[in-house]
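Notes for the structure review
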Amino acid sequence: MEVFTGKKPFIELTREDLLKIKNQEAFIPIIYSEIVSLLKTKYGNEYTMKRLREMGHRLAEGLLKYWKPTKVKSIPDIIKETYQQFFYRKIEVKEVLDKIIVRDKNCPVCYLDVTDSDIPFCIVIGAVIEGIINGLRKWLPKLPEIQCETVASRSMGAEVCEHVVTYK
């Protein structure tokens, strides 16, 4: 794949190289908000949320082809490393009883003034978390299967985005 790097001649980058580039952080929220808006207008809220979760699962599947977390001792470690690697964020992860609560004060898709009272934009991030952990089970069968639900979103007016991870 050819990507403009500002240098001549054009340099062809591999997927591994693309994963290291942090510039996509600037345009992903803009494109993503347009995708959500188009889906919502054309198909409604329920379908849009379903498609965003599917998008997150497919993204996780693609990421696992080229990257695996190095810290796999616990699910919170996997979540933290995933956020640092792909979303360039540090997050708060707490284990409470049989759940893991992930709090993100600076969500990469719920940015600036993007608001939507019907759809949590970061539902795609919860699906990425779920997809990566459940996808890792192929290599780490002792890892429990999880479900990740987005319970609060800055796009819906909450102060932080929050995902609850439960064991199946």
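One can find the structure itself at the top, above this paragraph.
What this report covers is the structure whose coordinates are included nearby. Keep in mind it's a predicted model, so treat the numbers as computed, not measured.

Analysis parameters
Residues numbered from 1 in each chain as written. Predicted model: local features only at pLDDT ≥ 70, side-chain atom pairs only at ≥ 80, totals over all residues. Heavy atoms only, no water. Helix = DSSP H or I, 4+ residues; strand = E, 2+ residues; numbered from the N terminus. Expected span 1.5 Å × (residues − 1). Buried < 20%, exposed > 50% of the residue type's maximum accessible area, 1.4 Å probe, protein only. Disulfide = S-S within 2.5 Å. Phe/Tyr/Trp six-rings, centres within 6.5 Å; stacked < 30°, edge-to-face > 60°. Lys NZ or Arg CZ within 6 Å of the ring centre and 35° of its normal. Salt bridge = Lys/Arg side-chain N within 4 Å of Asp/Glu carboxyl O. Core = buried A, V, L, I, M, F, W, Y, C linked by side-chain atoms within 4.5 Å.

A word on helix H4 (residues 75-87). Taking 1.5 Å of rise per residue, the 13 residues of H4 would be expected to cover 18 Å, and the 17 Å separating its terminal C-alpha atoms lies within 8% of that figure. Among all positions of H4, only Ile 75, Pro 76, Ile 78, Ile 79, Glu 81, Thr 82, Tyr 83, Phe 86 and Phe 87 are buried.

For the structure shown, the criterion picks out 0 disulfides. Note on Cys 110: no disulfide assigned, nearest cysteine sulfur contributed by Cys 161 at a separation of 3.7 Å. When its relative accessible area of 1% is taken as the criterion, Cys 110 is described as buried.

It is worth spelling out the side chain of Ser 153 at this point. Here Ser 153 lies in the loop between strand E5 (146-152) and strand E6 (161-167). Accessibility expressed as a relative area gives 1% for Ser 153, which makes it buried.

Turning next to the packing of aromatic side chains. Ring pairs (aromatic) are described by centroid distance and by the angle formed between their planes. Within the structure shown, the criterion is met by 2 aromatic pairs. Between Tyr 43 and Tyr 47 the ring centres are 4.6 Å apart and the planes differ by 45 degrees, which places this aromatic pair in the tilted class. When the ring of Trp 67 is compared with that of Phe 86, the centres are 4.7 Å apart and the planes differ by 85 degrees; the resulting orientation is edge-to-face. Note that Trp 67 is positioned in the loop between helix H3 (45-66) and H4 and Phe 86 in helix H4, a separation of 19 residues in sequence. Phe 86 matches Trp 67 in its accessibility class, with the two residues each being buried. A cation over an aromatic ring shows up here: Lys 68 above the ring of Trp 139, its NZ or CZ 4.0 Å from the ring centre.

Let's shift gears to the pattern of salt bridges. Applying the stated rule across the entire model yields 7 salt bridges. The structure contains a network of salt bridges with shared partners spanning Arg 137, Glu 145 and Lys 168.

Turning next to the nonpolar core. Counting 36 residues, the largest nonpolar core has Ile 79, Ile 125 and Ile 132 as its most contacted members. Element by element, the count of residues in this core is highest for helix H5 (residues 123-136), at 8 residues.

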